[in-house]
Amino acid sequence: PKNIFVYEVYKSLALWCRMMNSKEGKNKSREEEKKHGEKKSEAFKYYELAKDICSNKYGFNHITYADIHLKKAEFYLELKEYNNSINHLEEVLKIYEKLFPIDPVHEDKYAKLMHKNLRYGNVYLILGNIYFFLKDYTKSEDYTKKSEEIFKDNFGINCIQIIECYYIYGKIKKAKAKEIIQKPNCKDD
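Sequence order sets the numbering: in each chain, residues are counted from 1 along the sequence as written. Since the coordinates come from a predicted model, pLDDT governs what is reported: local features require at least 70, and pairs of side-chain atoms require 80 or more to be given and counted, while whole-chain, interface and lining totals use all residues. Only heavy atoms go into the side-chain values, all of them from the structure, while hydrogens and water stay out.

Some details on the nonpolar core
Consideration 1: By size, the foremost hydrophobic cluster in this structure holds 31 residues, and its most contacted members are Leu-89, Tyr-96, Val-123 and Leu-127.
Consideration 2: Helix and strand definitions here come from DSSP, where helices need a minimum of 4 consecutive H or I residues and strands a minimum of 2 consecutive E residues; each element is numbered from the N-terminal end. Where this core is concerned, the elements lending two or more residues are helix 2 (30-58), helix 3 (63-78), helix 4 (82-99), helix 5 (110-133) and helix 6 (137-155).
Consideration 3: Looking at which element gives the most residues to this core, the answer is helix 3, with 8 residues.
Consideration 4: Nonpolar cores were defined as sets of buried Ala, Val, Leu, Ile, Met, Phe, Trp, Tyr and Cys residues, with membership established by side-chain atoms within 4.5 Å. Using a 1.4 Å probe on the protein chains alone, a residue whose accessible area is under 20% of its type maximum counts as buried, one over 50% counts as exposed, and one in between counts as partly exposed. Judged by nonpolar contacts, the second largest core, of 8 residues, contains Tyr-137, Cys-165, Tyr-169 and Ala-175.

Here you go:
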């Protein structure tokens with residue numbers, strides 16, 4: 001039974017990778033689109049199976065259950081189904097809040113605090129990206145700022161996630177500038 005859970009999770013991840021990288025997923029023919037849709041459905045079936053097994057074994061407030069939601073959110077992000085991705089990321093944050101309450105004053109160990117913050121920081125970073133794609137630049141900046149603060153406070157300025165935050169900020173500034181330029185009352189002087 002332990003191996004079934006791990007097997008199903010990895011199987012769904014492998015199927016997802018195969019679907020996203022295969023030529024079949026990119027072709028325009030109806031037959032290929034049908035195969036692509038079947039693979040997507042099969043991947044979701046395995047994610048649901050993994051969630052069911054995890055919830056029965058550990059309950060809904062377990063780190064593995066949050067990880068399954070996170071993987072599903074990433075899957076939806078790759079499919080550009082941003083609202084579905086946001087819904088799963090919000091579930092992840094709810095679970096994290098129960099498992100890792102944000103109260104650094106009462107933390108026992110520094111390692112636990114860093115682990116907790118790494119998880120929160122990564123979710124906020126993904127949300128910052130999603131809201132950028134949805135052109136909600138205010139929310140994108142807010143989530144990216146939360147992520148940046150977490151990573152700076154815990155890992156310093158020399159971590160890859162800080163670079164990713166700055167990259168998102170750059171994309172936001174570029175998009176905002178493009179919006180300003182495209183306004184009808186904006187004149188070139």
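Describing helix 6
Consideration 1: In a regular helix each residue adds 1.5 Å, so 19 residues correspond to 27 Å; helix 6 covers 26 Å between its end C-alpha atoms and thus fits that length.
Consideration 2: Every buried residue of helix 6 is accounted for by Tyr-137, Ser-140, Tyr-143, Thr-144, Ser-147, Glu-148, Ile-150, Phe-151 and Asn-154. The buried residues of helix 6 occupy one face: seen down the axis, they fall within an arc of 165 degrees. Exposed residues lying more than 90 degrees from the buried face of helix 6 are Thr-138 and Asp-153.
Consideration 3: Looking one or two places after helix 6, you find Gly-156, whose phi comes out positive at around 80 degrees. Any helix carries an expected span of 1.5 Å times its number of residues minus one. In this description, one arc is meant: the one made by directions from the helix axis to the C-beta atoms.

Observations concerning the environment of Gly-156
Consideration 1: Residue placement: Gly-156 occurs in the loop between helix 6 and helix 7 (160-182).
Consideration 2: Setting aside its immediate chain neighbours within four residues, Gly-156 contacts Phe-151 and Ile-162. Pairs of residues are marked as contacts when any of their non-hydrogen atoms sit within 4.5 Å.

Quick notes on the packing of aromatic side chains
Consideration 1: In this scheme Phe, Tyr and Trp rings, the latter by its six-membered ring, pair at centre separations within 6.5 Å, and the angle between planes marks the pair as stacked below 30 degrees, edge-to-face above 60, and tilted otherwise. Per the counting criterion, the structure on display carries 11 aromatic pairs.
Consideration 2: Each ring, one from Tyr-47 and one from Phe-75, has its centre 5.8 Å from the other, and the planes form 40 degrees; the classification is tilted. Here Phe-75 lies in helix 3 and Tyr-47 lies in helix 2, a separation of 28 residues in the sequence.
Consideration 3: The class of Phe-75 is buried, set by a relative accessible area of 0%.
Consideration 4: Ring geometry for Phe-60 against Tyr-65: centres 5.4 Å apart, planes inclined by 80 degrees, an arrangement best described as edge-to-face.
Consideration 5: The class for Phe-60 is exposed, based on a relative accessible area of 54%.
Consideration 6: For Tyr-65, a relative accessible area of 9% corresponds to the buried category.
Consideration 7: Here the aromatic cluster, defined as three or more aromatic residues joined through ring pairs, consists of Tyr-96, Tyr-120, Tyr-124, Tyr-131 and Tyr-143.
Consideration 8: Definition used: whenever NZ (Lys) or CZ (Arg) falls within 6 Å of the ring centre and also within 35 degrees of the ring normal, the charge is taken to sit over that ring. If you follow Lys-146 out to its NZ or CZ, it ends over the ring of Tyr-124, 5.1 Å from the centre.

With respect to the packing of helix 3 against helix 4
Consideration 1: Fitted lines through C-alpha atoms give the axes, limited to the stretch in contact for helices. The angle between two N-to-C directions lies from 0 to 180 degrees. Between helix 3 and helix 4, the shortest axis-to-axis distance is 8 Å and the interhelical angle comes to 160 degrees. Our classification of the angle between helix 3 and helix 4 gives roughly antiparallel. In the packing of helix 3 onto helix 4, the handedness of the crossing is left-handed. Contacts between helix 3 and helix 4 pair Ile-63, Tyr-65, Ala-66, Asp-67, His-69, Leu-70, Lys-72, Ala-73, Tyr-76 and Leu-77 from the former with Tyr-82, Asn-84, Ser-85, His-88, Leu-89, Glu-91, Val-92, Ile-95, Tyr-96 and Leu-99 from the latter.
Consideration 2: In terms of residue class, the contact of helix 3 with helix 4 is made up of 13 nonpolar, 4 polar and 3 charged. An angle counts as roughly parallel when it lies under 35 degrees, as roughly antiparallel when it exceeds 145, as roughly perpendicular when it falls between 65 and 115, and as oblique in every other case. Crossing chirality is assigned from the near helix's rotation relative to the far helix, an anticlockwise turn below a right angle marking it left-handed and a clockwise turn marking it right-handed. By the convention adopted, Pro, Cys, Tyr, Trp, Phe, Met, Ile, Leu, Val and Ala count as nonpolar, Lys, Arg, Asp and Glu as charged, and the other residues, Gly among them, as polar.

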